[in-house]
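Results of the structural survey
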Amino acid sequence: MIQVRPYEDFAAHAVLSRLDPMDQLEAEVVRGGHEPPLAIFADWRAANAARLISTVLLTDVGTPFAVLGLSHTGQAGVAQAALLARDHTKFRRPLAEAALRIRKEMPVFAEEFGVHRIETRSWVQHPSGARLLVACGFHLEATMPGFGPLGDHAFHQFAWVAPYNTPAPEAPDLKTSERT
């Protein structure tokens, strides 16, 4: 069973210095160029003060494999989620377990903190990002072009909407939407 612990520098650095190659590329697209692991760690750490939650996920034997953060967007009741992980193949089982736990605990957490919508994005070219978000309980809302330094990248926009406010739409077929 995975462990969820409050953010801690050394554990977070263990994750962010060894990101899954596609998570690393996605971070670089977001930032507009090559980003060394230390810069990604510094950005993640600097944002902690504004987060509702900042955690490190560890395997059952205590190996840090992912960081998870949730921040307000500035809109009432709306938050933004981010998850970065180490090798998605090597840590497939802990990531699947994390997704199930997020899906289960998200409604309780959201209600406790007055959040009724959580948004997140995934780079279209990331082969496992969208699947992980769907497993966490997010629903694809749109595919948005125009990202990256040249505007030649697209991201999927996902959201989770609290079931006590609005029924969530049915999940679209990601295989079809990724080709559009």
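Scroll up a little and you will see the structure.
These numbers come from a predicted model, not from an experiment. Every chain's residues receive numbers from 1 upward, in the order its sequence appears when written. Where totals are concerned, whole chains, interfaces and linings use all residues; where local detail is concerned, this predicted model gives features only for residues with pLDDT of at least 70, and gives and counts side-chain atom pairs only at 80 or more. With hydrogens and water excluded, all non-hydrogen atoms of the structure serve as input to the side-chain values.

This part takes up the packing of aromatic side chains. Between rings of Phe, Tyr and Trp, where Trp is taken as its six-membered ring, a pair exists when centres lie within 6.5 Å; planes separated by under 30 degrees are stacked, by over 60 edge-to-face, and by other angles tilted. Per the stated rule, a full pass over the model turns up three aromatic pairs. Look at NZ for Lys and CZ for Arg. If either is within 6 Å of the ring centre and within 35 degrees of the ring normal, a charge sits over the ring. Taking the ring centre of Trp44 as reference, the NZ or CZ of Arg51 above it sits at 4.1 Å.

Next up on the list: helix 1 (residues 9-16). Remark: exposure states derive from per-residue accessible area (1.4 Å probe, protein chains only) relative to the maximum for the residue type, with buried under 20%, exposed over 50%, and partly exposed in between. Helix numbering and strand numbering both begin at the N terminus, where a helix is a DSSP run of H or I of at least 4 residues and a strand a DSSP run of E of at least 2. Those residues of helix 1 lying buried are Ala11, Ala12, Ala14, Val15 and Leu16. Close packing links the buried residues of helix 1 with helix 3 (37-46), strand 2 (51-58), strand 3 (64-72) and strand 4 (78-85). Contacts are residue-level and defined by heavy atoms, with any inter-residue pair within 4.5 Å sufficient.

Within this document, salt bridges are pairs made up of a side-chain nitrogen of Lys or Arg and a carboxyl oxygen of Asp or Glu, the two lying within 4 Å of each other. For the structure on display, the rule yields five salt bridges. Of the charged contacts, one joins Arg101 and Glu105 as a salt bridge, the two residues approaching to 2.9 Å between their closest N and O atoms. Residue Arg101 and its partner Glu105 are located together in helix 4 (residues 92-113), separated by four residues, close to a single helical turn. By relative accessible area, which is 40% here, Glu105 ends up partly exposed. Among the charged side chains, a salt-bridge network with shared partners connects Arg117, Glu119 and Glu141.

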